[in-house]
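Okay, here's what each chain looks like letter by letter:
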Amino acid sequence: MTDLWLTLCCSCVRVHPLLDLITWTGEWSQPSCASALLANVSDPTGSKHPTPRELLLPFLEVVRSVETSGPITRGALLSVQKLLAEGTIDPNHPGAAEAVQDAARAVTSCRFEATDPGADEVVLAAILHVLLTLLRCPAGQLLANQDVCDAVRACFRIGYGQGGRECSRLLRDVARNTVEEMMALLFSQLEEMIRRLKEEDAQHRTSSNALDGPREEGSSGDYAEAAGSVPDSPRAYKPYNISCLSEMFAFVCSLISPHQHSEVRVHCLGIISTAIDAGGEAMKQVPELMAIIQSQLGRSCIHCAPSTTLEELAALSALHLKLFALFGPAILPQVKAFIDYVLLPIAEGKAGTFSLDMQEVAVDAIVDFCRHTDFVRDVYRMYDCELTQPNAFELLVGLLSRSAFPVNSILGPIHLLSLEGLLVVMTGMQERAEQASDASASSQPPSPTGVSAGLSSENGVVPDLVLLHDSVGKEVSLQDMRKKKRLKEEFATGVEHFNRDPSKGFEYLQAVCLLPKPLTSSSVGAFLRHTPGLDKTILGEYLGEPDEFNVEVLKAFIKLFDVRELSLDLALRMFMESFRLPGEAQKISRILENFASHYHKECQDETFKSEDVVYVLCYSIIMLNTDQHNAQVKKKMTLEDFIRNNRKINEGEDLPREFLEDIFYSIATDEIRVEDVNGLGFGDIGAGKWSDVVSRSRVLASTAVDPRVLGLSLDMDMFAKLWNPAIAAISVVFDYAEDEVLLERALNGYLCVAQIAATYKMTQVIDTLIVSMCKFTSLLTPSGESNRVASFGQDARARSAALAVFTITNRFGDYVRSGWWNIVDCVTRLYTIGALPPAVTEQLDEGMDSDRPRIAGRPAIQASKKNSSASSLLKQLGLLLSLEGSDDEGDAMNPAESEAVGLATECIEACHIGEIFADSKFLQGDALVHLARALVWAADAGQAEDFSDYEQEVCAVFCLQILVGTALRNRDRIHLLWPLLSSYFNKVLTEQQAPVPVIEHAALELLHLSRRLLPYKEDIAEELLSSLNKISCLEPKIFGAMAPKVAAEIVLLLKGSVKYIHSKSEWETICSLLTLTASYPQAYPAGLEALSVVVLSEGVRSSHFEPLLESIVKHVESPVATEEQCVSALELMGELGMGLVKDHTSIYSLDDGTVEFLDHWGSLIGRLGGCCIWARIVPREQALNTLHKVLAAAEPLSLPASTWRDCLQQVILRIVDELTRMSSLKRPANQPSFKKSLRLASSLMCKVFLQYLTVFSQLDDFTQVWLSVLSRLEDCLKLASHGSTEEEEELAEAIPQHLKNLLLVMSSQGILVESREELWDSTWMKAQTISPSFSPSMLSSPA
């Protein structure tokens, strides 16, 4: 107490001057109070201490006094403030409550004599400070509800003038700040009030149970109800509670009205925002506050929109954003209504003459809503996925997309904000996708099993719209949401048909199983009641039709209106706002009769004695609405007129006057309006519509959906609606952007779209994105500039677009499909203009064989375009010269062009184009196939029409090389690519319509591809090798130019893959190509090498013997082969024969291989025999030696006698005969003769006959065979009879010797004996013809 007295004493030091002033002026009617107060305060040792009320009473009397001047009143107020601020009033004192309540009432009712405005406002400011201090002080908790409310209202009166007098700006600001501080202070105690009420309620329940026994559940009521029932009796001194906060909040909300000044509304919006910040989550637990926010505040904000200012619009938007952030789905319908009726009309410029600044604020507000994590998801889930609600998410996306398009080609803040809104939505999706990828899938809770009854149009089951409407706000699974969305889209189509012709609409809905067959009144009524987008005029006409079915539909339609707790005017509003009344009186009467019957039955209001009363009153309300709000009605109906018109309608009695007055003022102040398909418009929402909004918010307030339940699937559905307008908006901003910041922002948007699309594997999005971005690279646009590389480097937009395109392709190539066409087109354009640096081509060649042709780094096509009709050789020569002179060309550029070329090079290197194709082995199968298709298209000379012929050639070859490289990098998946490759090679090599260089490279790349794939893909070996047949069908001039390369490729193919070639058809393909190479001198050695690889390393196979032999023979007979080459070919043929003899048992089976072997044997001997009569002497002699070698080696084969007879007669004797004939011909002296060859042939004949004499002797016609040999010897001897040349002499000497050997051997083997008379006689007769010295006696003489 000592401290308290010290404080009082200090206070009284300041009070003395005030008391002296009051006493001197005589303005205090009771100076004894002051004396007593001074006596008590000045004597701290006194036995009697003043009560709190006694301390304040003298000052409060001054404050209450009307006759007190302003300065004295201010002094009293400051004294009261000082006492309160210093804690003089102990809240625990029994009289503290009475003291503070007296102080509050005195200050709020303060009156004083006015002087000048400035001095008066000082007093008013003091009142504000005292009231604020009163609430802040510890004893302020003891104020009653009415005291607090009066204090707040007093501050409002001060802030906005008093007694018709305007206050200064300073005082107004002080008053506003005071009110805001009061509201913040009061609502910050809300949570504590709720806790205290819960404790009191619990104590009350406990005491009731103890006294009265068990209590029925719910009998005690809610704590908010308890707060509302607290009496405000001054004797009870009940502290203020939640009821006070609710009353103040409702009071402030009531000031947000079109009738108030905009400045007042802005102030009130700030106060409400402050209260919400202070109350926070606790406000959700107070139904009274929630009811004010949901019912009163939202509609008031919408109605103020037509007269709003820039500041007010910003405040309204901020408030609704704050409401949604705090209350979520519980306030979402009101927030959506605010967006629909305020922000959207302003943002789209449909709300009168609002400035661009207002539009900017509206768009900015929409973007702020989109920034909220759950806003767009809740909107999509609760509106776009609900059959009975219009699409909200799609509406927002459409607005932002449209607003991003500049009208006059100049980007403004609205366009950029609109783009920002779209990017904000996508950024949220991207962040959630990243978070989901990091989280474990097992941590996600299961999807809720919602109400899916009636949610089906599958298998002919018609969905029940009534059940679907009843399920609004209930948790449903994601699958059901998607079904609803699909059904909604189908219903939207049906609505379009209905708005044109109701019967057509019903037919369509029946066809898609959305309405039953036949139609029922309940299903049609539910469709008309709950389906958004219906034309209200057509709907009204349909409901008013007199047909029996239409009447039943009308009854079903009306039954779906829940009017049980609604007043008649509100119920009629809801009903009439759902359609437009038809024009015919009979139709109106029919509709109102059914509505009156429904309302009277459902409400059971004792006010109405019959449904006829409701019907008459409804008609009267409609007439009143027309009278009050029709501009053509000059003399308006008064209240008394309305009451007089409705006298005695209630079964001869009057309706209550208060009831009619409420109806009259409701209609007079708020017109019953009918929304069209697109809504009422700006700032205009009907009471019935708002009632639906409030009802829906209460339903959604109880909905709690865990965002993890929906996962990424909901975002994927939203993105499916978002990506197309988003890409369009980003593209238009990117197109018109003038600075790098905007370009970078747009590029980030592109990347965001790509990443989200990749997350959801939406390939169409990636493709569309690439197509859109490729347009900005300027690569696909024909350009007549000479230095296109510099032009590309000077265009920052083109460089940025190119970098983004290739970055997206590198990152998300797995999800590119048709976009590969644009990617390949851009790459070929860069290659065409010579912009691909060496590093890129090196990447493209990385991992390829060193013997494969390298990709040219810079084609330098610009020079070649000037003369596109030049020959291919000249073009290639020009290319070579341009490559050599490229440095000089670069020196000729000016500094600006050089810098631009450097920028272009840096950009292209940063694009990592080579990695796109080098890393194709990591692409998914579908992406790889589409990449191959794009390369096939480009390699098939599929470039743009602005390309010259030579440009198409070069680009086709370039793409072909990339195509083959891609195939080789993906050889493990070649089965995916081979059909495309095969089709391409077949077209190019068969039709031969492509440029010659393309055909040449196609053939070589096919060989290279086959060579690389055969060792790894035997399953497609036959297809690979059969495709090589197309090469052999090329025109000779085309094949001839590439024959050496073809032969070299075949050599490499056979060296590495000969063991993988199995079938005869495969060998025929290879050998046919080798046969063609034999006709070209430069290709001949490689072709012969290829044949030797097969014969020498692989040996002989039955599958390849015949094609191989045929190819060798062609090499032997080739006119371009030298003698040495022919000899090598013959030796190769000999090796083939020796291999046939050596490995015949392993090559040919025992059962059916004999015939095949004999065929091969006969073919080989016949081919060698043909070579023995060739005109060229050295190859001819080599052929004879080879034939002898092969025949001599065949002895172990034990061939049948008939085979040897055929060999002798058809080959050897034919050779001798032909050589004899050619030797007998006259030849020039300088031309070698055939006599040496004839000698060798006769020797061959005799040696073979002797070697296989035993076999020949077994023949039945051995004598004839023997005589044929003798005849050939005789013919040879005749040619040598002249002996004029050395060759003839050698022949003349050799023939008798051969004959002698034959006779001796035959005699020694017992073949030539006298017992065989025919043989004996004919032999010696012939022998003596050849040489008279031959006789039988020579057989008995020693050798």
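How each quantity is defined
Residues numbered from 1 in each chain as written. Predicted model: local features only at pLDDT ≥ 70, side-chain atom pairs only at ≥ 80, totals over all residues. Heavy atoms only, no water. Patch = residues over 30% accessible without salt bridge, like charges linked within 9 Å, V, L, I, M, F, W, Y side chains within 5 Å. Areas by Shrake-Rupley, 256 points an atom, 1.4 Å probe, with all protein chains shown as cover. Salt bridge = Lys/Arg side-chain N within 4 Å of Asp/Glu carboxyl O. Lys, Arg positive; Asp, Glu negative; His and termini not counted. Charge placed at Lys NZ, Arg CZ, Asp CG, Glu CD. Helix = DSSP H or I, 4+ residues; strand = E, 2+ residues; numbered from the N terminus. Phe/Tyr/Trp six-rings, centres within 6.5 Å; stacked < 30°, edge-to-face > 60°. Buried < 20%, exposed > 50% of the residue type's maximum accessible area, 1.4 Å probe, protein only. Arc of directions from axis to C-beta. Contact = heavy atoms within 4.5 Å. Polar contact = N/O pair within 3.5 Å; in protein donor to acceptor, adjacent residues only side chain to side chain. Core = buried A, V, L, I, M, F, W, Y, C linked by side-chain atoms within 4.5 Å. pLDDT = per-residue confidence, 0-100.

Attention now goes to a negative patch on the surface. Together, Glu593, Glu611, Asp612 and Glu651 make up a region of like negative charge exposed at the surface. Residue placement: Asp612 occurs in helix α28 (residues 611-629).

Another point: the packing of aromatic side chains. On inspection of all chains with the given rule, the structure shows 35 aromatic pairs. Taken together, a centroid distance of 6.0 Å and an interplanar angle of 40° make the contact between Phe642 and Phe664 tilted. Here Phe642 is found in helix α29 (residues 639-645), whereas its partner Phe664 is found in helix α30 (residues 657-669), with 22 residues between them in sequence. Phe642 gets classed as buried once you look at its relative accessible area, which sits at 0%. Overall, Phe664 belongs to the buried group, its relative accessible area being 7%.

Take helix α24 (residues 536-543) next. Those residues of α24 that fall on the buried side of the exposure criterion are Lys536, Leu539, Gly540, Tyr542 and Leu543. In a view along the axis of α24, the buried residues occupy a sector of 160°, so they form one face of it. Those residues of α24 hidden inside the fold are in contact with α22 (502-511), α23 (521-530), α25 (548-559) and α27 (585-603). At the N-terminal boundary of α24, the capping side chain belongs to Asp535, with an oxygen 3.0 Å from the backbone nitrogen of Thr537.

Another point: the nonpolar core. Counting residues in hydrophobic clusters, the biggest one holds 373 residues, and the most contacted among them are Phe719, Ile1031, Leu1054, Trp1161 and Phe1249. Here Phe719 is in contact with Met426, Met429, Val753, Ile756, Ala757, Tyr760, Met762 and Val765, once residues within four sequence places are set aside. Formed by 58 residues, the second largest nonpolar core is a distinct cluster that contains Leu539, Tyr542, Leu568 and Tyr615.

Once that is clear, we can look at unusual backbone geometry. In this structure, the amide linkage connecting Lys517 to the following residue, Pro518, adopts the cis form with an omega of -10°. For Pro518, the position within the fold is in the loop between α22 and α23. Although it is not a glycine, Lys648 sits at a positive phi angle of roughly 60°. Note on placement: Lys648 falls in the loop between α29 and α30. Non-glycine residue His912 carries a positive phi angle of around 55°. Structurally, His912 can be placed in the loop between α43 (895-911) and α44 (913-918).

Time to look at the confidence of the model for the protein. Parts of the prediction with low pLDDT should not have their coordinates interpreted in detail. This prediction gives the protein a mean pLDDT of 80; 83% of its residues lie at or above 70. With pLDDT under 50 throughout, residues 1-18 is counted as low confidence; its partners more than four residues away or in other chains account for 26 contacts. Throughout residues 440-453 the model reports pLDDT below 50, and contacts reaching past four residues in sequence, or to other chains, amount to 22 contacts.

So, about the pattern of salt bridges. For the structure shown, the criterion picks out 51 salt bridges. Ionic pairing is found between Glu86 and Lys82, a salt bridge with its closest N-O pair at 2.7 Å. On the accessibility criterion, Lys82 (32% relative accessible area) is partly exposed. The shortest N-O distance in the salt bridge between Arg402 and Glu348 comes to 2.4 Å. Of this pair, Arg402 sits in helix α18 (residues 393-403) while Glu348 sits in the loop between α15 (332-347) and α16 (356-371); the two residues are 54 residues apart in sequence, bridging distant segments of the chain.

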